[in-house]
Amino acid sequence: QKEVEQNSGPLSVPEGAIASLNCTYSDRGSQSFFWYRQYSGKSPELIMSIYSNGDKEDGRFTAQLNKASQYVSLLIRDSQPSDSATYLCAVPSGGSYIPTFGRGTSLIVHP
Amino acid sequence: NAGVTQTPKFQVLKTGQSMTLQCAQDMNHNSMYWYRQDPGMGLRLIYYSASEGTTDKGEVPNGYNVSRLNKREFSLRLESAAPSQTSVYFCASSDPPFRGGGEKLFFGSGTQLSVL
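Notes on the structure follow. Model, not experiment: these values are computed from the prediction. Each chain carries its own residue numbering, running from 1 in the written order of its sequence. Lettering for chains starts from A, numbering for ligands starts from 1, and both go in the order in which the items are written. Confidence filtering applies because this is a predicted model: local features only for residues at pLDDT of at least 70, side-chain atom pairs given and counted only at 80 or more, and all residues used for totals across whole chains, interfaces and linings. Only hydrogens and water are removed before side-chain values are computed, so all heavy atoms of the structure are retained for them.

**A few points about the overall build of chain A**
Turning to step 1, where the next piece is worked out: Each helix and strand counted, chain A has zero helices and 11 strands in total.
Turning to step 2, where the next piece is worked out: The helix and strand sequence of chain A, counted from the amino end, reads β-β-β-β-β-β-β-β-β-β-β.
Turning to step 3, where the next piece is worked out: Its C-alpha atoms give chain A a radius of gyration of 13 Å, near enough to 13 Å, the size a compact globule of 111 residues would have.
Turning to step 4, where the next piece is worked out: Across its three principal axes, chain A shows a C-alpha extent of roughly 45 × 30 × 20 Å.
Turning to step 5, where the next piece is worked out: Per-residue accessibility, obtained with a 1.4 Å probe over protein chains only, is compared with the maximum for each type, and a residue is labelled buried under 20%, exposed over 50%, and partly exposed between these values. When each of the 111 residues of chain A is scored for burial, the buried share is 46%.
Turning to step 6, where the next piece is worked out: In what follows, a contact means two residues having at least one pair of non-hydrogen atoms within 4.5 Å. Expressed as a percentage of contacts within chain A between residues at least 6 apart in sequence, the contacts between residues at least 24 apart total 53%.
Turning to step 7, where the next piece is worked out: Surface summary for chain A: the accessible area is close to 5100 Å², and the carbon and sulfur share equals 46%. Numbering of helices and strands runs from the N terminus; a helix is a DSSP stretch of H or I covering at least four residues, while a strand is a stretch of E covering at least two. Between the two quantities, the radius of gyration covers C-alpha atoms and the globule rule is 2.2 Å times the number of residues to the power 0.38. With residues, only the protein chains shown are counted as cover, and all accessible areas are computed by Shrake-Rupley using a 1.4 Å probe.

**Here's the deal with the pairing of strand β4 (residues 33-38) of chain A**
Residues and elements named next belong to chain A.
Turning to step 1, where the next piece is worked out: Counting buried positions along β4 gives six out of six residues, so the element sits mostly inside the fold.
Turning to step 2, where the next piece is worked out: Burial along β4 is two-sided: Phe33, Trp35 and Arg37 facing one way and Phe34, Tyr36 and Gln38 facing the other are all buried.
Turning to step 3, where the next piece is worked out: Relative to strand β5 (residues 45-50), β4 is paired through five bridges, and the arrangement is antiparallel. Pairing of Trp35 across the sheet is with Met48, part of β5. At least two bridges found by DSSP between two strands is the condition for calling them paired.

**A word on the sheet that holds strand β6 (residues 54-58) of chain A**
Residues and elements named next belong to chain A.
Turning to step 1, where the next piece is worked out: Pairing is antiparallel across the open sheet formed by five strands, whose spatial order is β1-β3-β8-β7-β6. Of all strands in the sheet, those with a lone pairing partner are β1 (4-5) and β6, marking the two edges.
Turning to step 2, where the next piece is worked out: Across five bridges, the pairing between β6 and strand β7 (residues 61-66) is antiparallel. What sits directly across from Gly54, in β7, is Leu65.

**With respect to the state of the cysteines**
Turning to step 1, where the next piece is worked out: Working definition: a disulfide is two cysteine sulfur atoms within 2.5 Å of each other. Applying the stated criterion across every chain yields a total of two disulfides over all chains.
Turning to step 2, where the next piece is worked out: Here Cys23 of chain A is linked by a disulfide to Cys89 of chain A, with a sulfur-sulfur distance of 2.1 Å. Sign of the S-S torsion, about -70° for the bond between Cys23 of chain A and Cys89 of chain A, identifies this disulfide as left-handed. One end of the pair, Cys23 of chain A, is in strand β3 (residues 19-25); the other, Cys89 of chain A, is in strand β9 (residues 85-92), and 66 residues separate them in sequence. There is no split in this pair, since Cys23 of chain A and Cys89 of chain A are both buried.
Turning to step 3, where the next piece is worked out: The disulfide partner of Cys23 of chain B is Cys91 of chain B, and the S-S distance across this bridge is 1.8 Å. With the S-S dihedral at roughly -75°, the linkage between Cys23 of chain B and Cys91 of chain B falls on the left-handed side. Of this pair, Cys23 of chain B sits in strand β3 (residues 19-25) while Cys91 of chain B sits in strand β9 (residues 87-94), and the two are 68 residues apart along the sequence.

**Here's the deal with the pattern of salt bridges**
Turning to step 1, where the next piece is worked out: The salt bridge definition used is simple: a Lys or Arg side-chain nitrogen within 4 Å of an Asp or Glu carboxyl oxygen. In total, this model carries six salt bridges over all chains according to the counting rule given.
Turning to step 2, where the next piece is worked out: For Asp83 of chain A, the salt bridge is made with Arg60 of chain A, and the minimal N-O distance between the two is 2.9 Å. Placement of Asp83 of chain A in the loop between β8 (71-76) and β9 and of Arg60 of chain A in the loop between β6 and β7 is noted, with a sequence separation of 23 residues between them.
Turning to step 3, where the next piece is worked out: One salt bridge connects Arg36 of chain B with Asp38 of chain B, and the closest N-O pair in it is separated by 3.0 Å.
Turning to step 4, where the next piece is worked out: Residue Arg36 of chain B is classed as buried on the basis of its relative accessible area, which comes to 8%.
Turning to step 5, where the next piece is worked out: Salt bridges linked by common partners bring Arg36, Asp38 and Arg44 of chain B together as one network.

Encoded structure:
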């Protein structure tokens, strides 16, 4: 059973809209949470990390963490076609420092 | 500013052939990893090395071996390739964990491997 779950999508949003990507995890002891972006045919790239409940903002990206409900989300404001990619949620669990990856959500931003 | 370098980028093997995927990082990271990525399966950890001289199995180690040659280099070997090993392979290295732990991974560009 996968410990990190994501909707595979695709999630399709118009240019300029807010894209909301969600991730749930099973280990209540997890302390750190990561979002990676992967363009088609390319390698994953870390875009956000969050460690505390609440929101963390970085430019157009906001990561939201709710440990009580065991979910972490990524909001992309003013979505651009260049944001079209697969977004991977990664959470270390089981006492390990090594992240377990979700299967990723495909985002399509159409003009 | 190379980061994590993987070779080769593409490889086609016949069933039963062997090969080694090479990985090197120039960021002075202690930890290195090998992942495979299959459609619909996400990234799955094959092996990792927490430091020079140590290696450990990940989620899907069967059919693979690894060598941590030194702090910079971590290789993945397929002794007898099988069609089920057709995949994209990524090497990664990471910063030391901090705060609540959890490694930030830096990935190489990947190797597309096809086993016929």
